[in-house]
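Chain and residue survey
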Amino acid sequence: MSLLDSTHQTVSHPERIAVIGAGYVGIPTAVMLAHFGHSVVIAERDEFRRESIRNGRSPILEDGLEDVLAAVVQSGQLEVTADAVQAVAGAKFVFLCVATPMDDDGRADLSFIDAVAQQIAHALRDDAIVVNKSTVPVGTMERVRSLINRPGVRVVSNPEFLREGTALGDSLKPDRIVVGAEDRDAAKSVAQLFASTGAPVVVTDATTSELIKYASNAFLATKLSFINTMSRLCDQLGADVDDLVRGMGSDHRIGFPFLNPGPGWGGSCLPKDTSALVAIAADAGLSLDVVRAAIESNAAQQRHIVTQVAAMVGGALSGKTVAVLGLTFKANTGDRRDSPALQVAELLLAAGARLHSFDPTVSADDSSSDVANLGVCATLEEAVVGADAAVVLTEWAMFRSLEWSRLVPTMAQPCIYDARSVVDLEAARAAGAMVRSIGRS
Ligand SMILES: NC(=O)c1ccc[n+]([C@@H]2O[C@H](COP(=O)([O-])OP(=O)(O)OC[C@H]3O[C@@H](n4cnc5c(N)ncnc54)[C@H](O)[C@@H]3O)[C@@H](O)[C@H]2O)c1
């Protein structure tokens, strides 16, 4: 089904817009605004990402993105450049979509934001509105404003809530648009750019806007940590986590989203954003105990999985071969940043296991440092053959319909651990495997 529909009318007043950073946020944002009829230039330092876009191909794996990207590049609505200064020339709106990774003490590293602000300051239009979509700590709008230091230029906070894998769909149909600025007119004109999404708009001050993003991610991480803790308790008590989730999630005050147990939360946002929020609160004299507990509990989930796998193969992992199935932080993305699958894999290695890994987005000759020791195989069959245990760590659709009757006989010890609730447990058991699934022991 197409992500586009008739509600996305071409705008009557097309604007010239610059987007700085062609990543998981910048590309969907630029493509959507170009699709709405604006004239968009995206600035990206990375040559591979630039060339992909220029050729109408998406450099990131995102459902439905490539078709719309190709169309807006072809029509000339979306251009790409290496130079942020060139991109902002003449632009009324400038979206900052650069990374804000975690620094060594758990805070948000604002060096990319600072660098762009300094780089573009002199080139901005006198009446430009700089829109910060990156996730940034409270006070960053003010920081960017003083770095730019141009009286007519206004800065607006507009946090992004899209999810990787469904980024364009989420951009076109967001649950809400949040805009924050002292200058409410500037905030409203940014909100206007998203009017055809039909989403409700929260207009607030910049401090609240910046906090909404962190509070939302910390809440989601806490909900996941809660259900993961419950899955460990189910294992301990012999309860069934599926029934627990059904029983809890049916209560509309609780709801089903983010109530699925798994190998712990990860990805490029939740770990760094929870950590940054704890630091923001500490600076304000508050200990965010709930969020701190969610972070600690997340690491416990990964240790729990390794303990369970060790128990299945006879108590110790040393010298055992484990097939790690799935390396990305979730399905339908190629992103492995802070992937819980990689963290479990590292724990397995530390316990002395030898790994054979498979992920549909990682090739066997991938030389990236995060997968260098993981024995990446070209096929799933290759990863499983001779293994003492197979551990499913990412919920790729292909793992739901594996032919266990064919795979199990190739294993040294037929132990299967499902950390994502995707394995057909009956089929695996029928094939002779010993099977465990998180919270269903
Ligand atoms: N990834 C997500 O799902 C998601 C969701 C919501 C919010 N966010 C937030 O959005 C921000 C961006 O995240 P992302 O995942 O898109 O990051 P990313 O690393 O995928 O993309 C950032 C891009 O900016 C480019 N860049 C950096 N400095 C530049 C410069 N001076 N000129 C041109 N290009 C430059 C980088 O080369 C990179 O390609 C972060 O603050 C993140 O927390 C991310």
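Bear in mind that the values here come from a model prediction, so they are computed numbers and not experimental data. (Residues numbered from 1 in each chain as written. Predicted model: local features only at pLDDT ≥ 70, side-chain atom pairs only at ≥ 80, totals over all residues. Heavy atoms only, no water.)

**Considerations on the nonpolar core**
Basically, it comes down to this: Among buried residues, the Ala, Val, Leu, Ile, Met, Phe, Trp, Tyr and Cys ones that are joined through side-chain atoms within 4.5 Å form a nonpolar core. Only protein chains enter the accessibility calculation, which uses a 1.4 Å probe; a residue is then buried when its area is under 20% of its type maximum, exposed when over 50%, and partly exposed in between. The helix and strand labels rest on DSSP assignments: H or I over at least four residues marks a helix, E over at least two residues marks a strand, and numbering proceeds from the N terminus. Only heavy atoms enter the contact rule, under which two residues are in contact if any of them lie within 4.5 Å.
Of all hydrophobic cores here, the largest spans 40 residues; its most connected members are I27, V31, I42, I53, L78 and F95. Broken down by element, the residue count for this core peaks at six residues, all from helix 1 (residues 26-35). Other than its neighbours up to four places away in sequence, I42 contacts V19, G21, A22, G26, I27, A30, I53, L78, E79, V80 and T81.

**Observations regarding the UniProt feature "domain: UDP-glucose/GDP-mannose dehydrogenase C-terminal" (unreviewed entry) in the chain**
Stated formally: UniProt positions are given in the numbering used here, feature names are shortened, and annotations may be inferred rather than shown by experiment.
Feature annotation in UniProt places "domain: UDP-glucose/GDP-mannose dehydrogenase C-terminal" (unreviewed entry) on residues 323-425, given in this structure's numbering. As annotated, residues 323-425 comprises 20% helix and 16% strand, and the C-alpha atoms at either end are separated by 17 Å.

**Brief notes about the pairing of strand 8 (residues 201-204)**
Counted only if it meets this: Paired strands, as defined in this entry, are two strands with at least two bridges between them according to DSSP. The definition of a right-handed crossover adopted here requires that, viewed with the strands pointing away, the path from the first strand over the helix to the second runs clockwise.
Pairing of strand 7 (residues 177-180) with strand 8 involves four bridges; the strand directions are parallel. Along strand 8, the bridge assignment pairs I177 with V201. Taking the sense of rotation as the criterion, the β-α-β connection linking strand 7, helix 8 (residues 184-193) and strand 8 turns out right-handed.

**Digging into the layout of surface pockets**
Summary: where empty space remains is shown by rolling a probe the size of a single water molecule over the atoms. To keep things clear, this is the line we draw: Two kinds of site are reported from a 1 Å grid over the protein atoms alone, namely cavities, where a 1.4 Å probe fits but cannot get out, and pockets, open sets with protein on both sides within 12 Å along at least five of seven lines, and residues are called lining when an atom falls within 4 Å of a point. Grid points are joined across faces, edges and corners, and a volume is the space filled by probe spheres set on the points. Three classes are used, and their members are as follows: Ala, Val, Leu, Ile, Met, Phe, Trp, Tyr, Cys and Pro are nonpolar, Asp, Glu, Lys and Arg are charged, and the others, Gly among them, are polar.
What the second largest pocket holds in volume is close to 220 Å³. Taken together, 14 residues line the second largest pocket, and the ones lying closest to its centre are V11, H13, H38, Q192 and L193. Of the residues forming the lining of the second largest pocket, the biggest block, three residues, is contributed by helix 8. Tallied by class, residues from the lining of the second largest pocket come to five nonpolar, eight polar and one charged.

**Some details on helix 1**
Counting buried residues along helix 1, nine of its 10 residues qualify, which places the element largely inside the surrounding structure. Burial in helix 1 covers these residues: G26, I27, P28, T29, A30, V31, M32, L33 and A34.

**Observations concerning the domain arrangement of the chain**
Applied cut-off: As annotated, the domain borders come from an automatic or database domain assignment. Here the quantity called buried area is the accessible surface, traced with a 1.4 Å probe, that two parts lose on coming together, added over both. What makes a salt bridge here is a side-chain nitrogen of Lys or Arg within 4 Å of a carboxyl oxygen of Asp or Glu, nothing more. Here a polar contact is recorded for every N or O atom pair within 3.5 Å, except that within protein the pair must consist of a potential hydrogen donor and a potential acceptor, and residues adjacent in sequence are included only if both atoms are side-chain atoms.
Looking at the assigned domains, one finds that the chain contains domain 1 (16-204), domain 2 (214-295) and domain 3 (300-437). Just the C-alpha atoms count here: the centres of domain 1 and domain 3 sit 37 Å apart. Opposite the five residues of domain 1 that make contact, domain 3 presents nine residues. When the buried area of domain 1 at its contact with domain 3 is split by residue, Y24, L61 and E164 rank highest and sum to 79% of it. Counting across the domain 1 and domain 3 interface gives one salt bridge. E164 is paired through a salt bridge with R337; the nearest N and O atoms lie 3.6 Å apart. Counting the contacts that link domain 1 with domain 3 gives two residue pairs in polar contact (both at pLDDT 80 or more). Of the residues assigned to the side of domain 1 that touches domain 3, the class counts are two nonpolar, one polar and two charged.

**Considering the sheet that holds strand 9 (residues 321-325)**
Counted only if it meets this: Fitted lines through C-alpha atoms serve as axes, helices being fitted only where they are in contact, and the angles separating the N-to-C directions of these axes extend from 0 to 180 degrees.
Strand order in the open sheet formed by five strands is 10-9-11-12-13, with parallel pairing between adjacent strands. Each edge of the sheet is formed by a strand with only one pairing partner; in this case those strands are strand 10 (354-358) and strand 13 (434-437). The sheet shows a mean angle of 20 degrees between the axes of neighbouring strands, taken without regard to direction. With four bridges connecting them, strand 11 (residues 389-392) and strand 12 (residues 415-418) associate as parallel partners. For V392, the partnering residue across the bridge sits in strand 12 and is D418. Strands strand 11, strand 12 and strand 13 of the sheet are contacted by helix 12 (residues 289-312), whose axis makes an angle of about 165 degrees with strand 12.

**Brief notes about the packing of aromatic side chains**
Applicable threshold: Classification of ring pairs uses Phe, Tyr and Trp, with its six-membered ring standing for Trp, and accepts pairs whose centres are within 6.5 Å; under 30 degrees between planes counts as stacked, over 60 as edge-to-face, and the remaining range as tilted. Think of it as a cone above the ring: NZ of Lys or CZ of Arg counts as a charge over the ring if it is within 6 Å of the ring centre and within 35 degrees of the ring normal.
Under the definition given, this model contains one aromatic pair. Note that R176 overlies the ring of F161, its terminal NZ or CZ placed 3.6 Å from the centroid.

**Here we look at the site of the ligand**
To be explicit about the condition: Residues are counted as near a molecule or strand when any one of their heavy atoms sits within 4 Å of it.
The environment of the ligand is formed by 27 residues, the closest being E44, R49, T100, E164 and K272. The element contributing the most residues to the shell around the ligand is helix 5 (residues 111-120), with three residues. A class-by-class count of the residues in the shell around the ligand yields 12 nonpolar, seven polar and eight charged. Shared between two domains, the shell around the ligand takes at least three residues from each, and those domains are domain 1 (16-204) and domain 2 (214-295).

**As for empty space enclosed by the protein**
Enumeration according to the criterion identifies one cavity of 30 Å³ or more in this entry. There is about 40 Å³ of room inside the largest cavity. Lining the largest cavity, in full, are N132, S134, T135, V136, S157, P159, S209, E210 and K213. With three residues, helix 9 (residues 206-237) is the largest single contributor of residues to the lining of the largest cavity. Its residues assigned to classes, the lining of the largest cavity comprises two nonpolar, five polar and two charged.

**Digging into the side chain of T100**
Structurally, the position occupied by T100 is in the loop between strand 4 (93-96) and helix 5. A distance of 2.8 Å separates the side chain of T100 from the backbone oxygen of T135, its partner in a polar contact. A distance of 3.5 Å separates the side chain of T100 from the side chain of K272, its partner in a polar contact. In this view, T100 contacts D109, L110, I113, S134, T135, V136 and K272; residues no more than four positions away in its chain are not counted.

**Some details on the environment of G334**
Mapped onto the elements of the fold, G334 is located in the loop between strand 9 and helix 13 (340-350). Spatially, the C-alpha atom of G334 lies 26 Å from that of A18, the residues being 316 residues apart in sequence. In this view, G334 contacts Y24, L61, T328 and T361; residues no more than four positions away in its chain are not counted.

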